[in-house]
Structure formats: structure tokens, C-alpha cells
Number of protein chains: 2
Amino acid sequence: MDETASYEVRELCETDLEHGFPELLAQLTQTGTLPLSFWRERYRLRQQLPGTYVTLVAVESATKRVTATATLLIEYKFTRSCGQAGHIEDVVVDAAYRRRNLGSRLVRELCARARDQFKCYKVTLDCVEENEAFYAKLGLERKGVQMVRYFRI
Amino acid sequence: MDETASYEVRELCETDLEHGFPELLAQLTQTGTLPLSFWRERYRLRQQLPGTYVTLVAVESATKRVTATATLLIEYKFTRSCGQAGHIEDVVVDAAYRRRNLGSRLVRELCARARDQFKCYKVTLDCVEENEAFYAKLGLERKGVQMVRYFRI
């Protein structure tokens, strides 16, 4: 591990789709084997929903490799004086780049953006129990349970 | 309780904002005391984010009273072959209209829309443990824990 490596944290760019972003997400969950054009289309669809998605990446400065990502989805509620809630989704760090605090950096940055840029009254995220301690260190507390229903589509 | 009362389930209309929708949501959580113009502005902001929000209401046919509501937020992911995930939010039934399956009807309808209209591969929702049995009857299963961080804004 190169402890001196530096990383740039910034928003996902369309060119990242050709530089490791799909392969990184595949370490988290099923991504399918779509051609690049589908990834671009999804990127552009999100761009057409202003104020709704912030996807951050940590890029290794020397190699330009996308080594970690996390997304903030902004929900425009009627409750809380028509306030905003942030949902943190799809946090993943490349297996070869763990233990460098990249996940923490991304989640901290998303929390800061949720609070300062989008004026969210809260951020929430769902995780497995094993990851609770990681998020607790970042100031999140357990609130309730996540319920899910999968569809065959 | 009038067991024969009938209810129309439909999408929230702007006029519902003047017919009990804010008062209904106030039974769920803090809504603040905003003037109607703010509710309208939020309604219109959501309309400008196409394919993102479905807020259903159950309206008592005889009185036109808004008696229950639930919202589906669609998330456009890169994972799952650039698939969609649905988030069910802000489910509330007027205290005077409970035990009539209105909550179940709304959540079932949102699940059907998530699957059929938006082609979601899953819906998720966060709840307190006491409500787990209610959602389990609607086909949702416990998956993990909800973590939350509140901000002072």
C-alpha cells in the first residue's frame, strides 16, 4: 500500500464511466454488462433532474483511477416545513484501496453537502448490521429497520 | 365508523393542499406552519422532476376529505443494469380513519406502480420495529438497519 498516495474527491464526470467507475460499482452489487452507451444515458438522465443526485468519486491522483464512490439522493419533502432529506446510497471502495479512509472521506463530504448545500434536516442510509460501527464513527445513529421487497422484472 | 364509506385512491392534486393534506401529514411528523404558497411551490418543484415522485392519497368519496397518503420516490441507479429502486416515504392514515386498510391499499398500489410503471427491481422503506409486521403482511422483509444523522439547519 502506498501510504503517500493522494486522492482527489470530486463529482462523477461522464469520462469516469470509461475509467473504472462501472468496474468499481460491480464490487458492490450486480451491475449487469451494459454497453457504455447505457451508462452515459443514465448519467445524462440524472443530470436532467437538477438538485437530486450528487455522486462523488475518489480518484487516485497519480493513476487517475476511480477508487471509491458514494451517492447522495436529495428528497424534496412536504414535511419539515417542505424540507429536504438526503439518502446516502451505493458506498463502495475498491478492494485494493481500503483502509485509507476513502469511504469516510466520501461520506463526510456527502453529509457536509447535504447540510450546507441542500439544507437537509437529515441524512439516512440503510446498511447491514456489520457496517453500523463504521457509520456510527461518522455521526450516524441507528434509528429503525430497513424493509425491502424485490421484484422480478 | 362508517364501514360502507368508499375511498378513491389517486395521485395528489394541487387542490388537495387546501383540503386537508397538510393537516394529515402533521399527524406523521413536524410539518411547520408554512403558508399555502410554500406547499404549492414544493408541489410544483416535484412536478419539475419527472418520473421521480408519486404521492398517492385516499380521498373519502362522500366528503372529499384526504384521509391517507404515501409517497414513492424513484431512484435512478447505475447498479442493477442502470435500474430503478423505489423508496416508500411518509405513509400516514388520519387517526379517525384507521383500521379500514387505507394504509395497506396505498402501499400495495405504490408497490404495483414501482414494479409495473417504473420497472423498479426493489422497493425499500424504513420504519420503527413496531411497524415491521404491518409491512411484512404487504410482502416486505427486514433487510438491515436504518442509520440517520440529523442536522441543525
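Residues numbered from 1 in each chain as written. Chains lettered and ligands numbered in written order. Predicted model: local features only at pLDDT ≥ 70, side-chain atom pairs only at ≥ 80, totals over all residues. Heavy atoms only, no water.

Taking an unreviewed UniProt entry as the reference, chain A is identified by name as Glucosamine 6-phosphate N-acetyltransferase belonging to Cyanidioschyzon merolae. Word for word, the UniProt comment on chain A under Pathway (unreviewed entry) is "Nucleotide-sugar biosynthesis; UDP-N-acetyl-alpha-D-glucosamine biosynthesis; N-acetyl-alpha-D-glucosamine 1-phosphate from alpha-D-glucosamine 6-phosphate (route I): step 1/2." Reading the Catalytic activity (unreviewed entry) entry of the UniProt record for chain A gives the comment "D-glucosamine 6-phosphate + acetyl-CoA = N-acetyl-D-glucosamine 6-phosphate + CoA + H(+)". (UniProt positions renumbered as here; feature names shortened; annotations may be inferred.)

A. Seen up close, the pattern of salt bridges. Residue and element names in this part refer to chain B. Per the stated rule, a full pass over the model turns up 28 salt bridges over all chains. Among the ionic pairs, R65 bridges to D94, the shortest N-O distance being 2.8 Å. One end of the pair, R65, is in the loop between β2 (53–60) and β3 (66–76); the other, D94, is in the loop between β4 (84–93) and α4 (102–116), and 29 residues separate them in sequence. R65 gets classed as partly exposed once you look at its relative accessible area, which sits at 37%. You can call D94 buried: its relative accessible area is 6%. Close ionic contact of R142 with E129 constitutes a salt bridge, the shortest N to O distance being 3.3 Å. (Salt bridge = Lys/Arg side-chain N within 4 Å of Asp/Glu carboxyl O. Helix = DSSP H or I, 4+ residues; strand = E, 2+ residues; numbered from the N terminus. Buried < 20%, exposed > 50% of the residue type's maximum accessible area, 1.4 Å probe, protein only.)

B. Spotlight on the sheet that holds β4 of chain B. Strand order in the open sheet formed by twelve strands is β1(A)-β2(A)-β3(A)-β4(A)-β5(A)-β6(B)-β6(A)-β5(B)-β4(B)-β3(B)-β2(B)-β1(B), with mixed pairing between adjacent strands. Edge positions in the open sheet fall to β1 (7–11) of chain A together with β1 (7–11) of chain B, since each of these has one partner strand only. Taken over all neighbouring pairs, the strand axes of this sheet differ in orientation by 25° on average, direction set aside. In this sheet, strand β3 (residues 66–76) of chain A lies alongside strand β2 (residues 53–60) of chain A in antiparallel orientation, the contact comprising seven bridges. Its bridge partner lying in β3 of chain A, A58 of chain A is registered against A68 of chain A. Contacts from helix α2 (residues 36–47) of chain B reach β3 and β4 (84–93) of chain A together with β2 and β3 of chain B within the one sheet, and its direction differs from that of β3 of chain A by about 135°. (Pairing = 2+ DSSP bridges. Axes fitted to C-alpha atoms, helices over the stretch in contact; angles between N-to-C directions. Contact = heavy atoms within 4.5 Å.)

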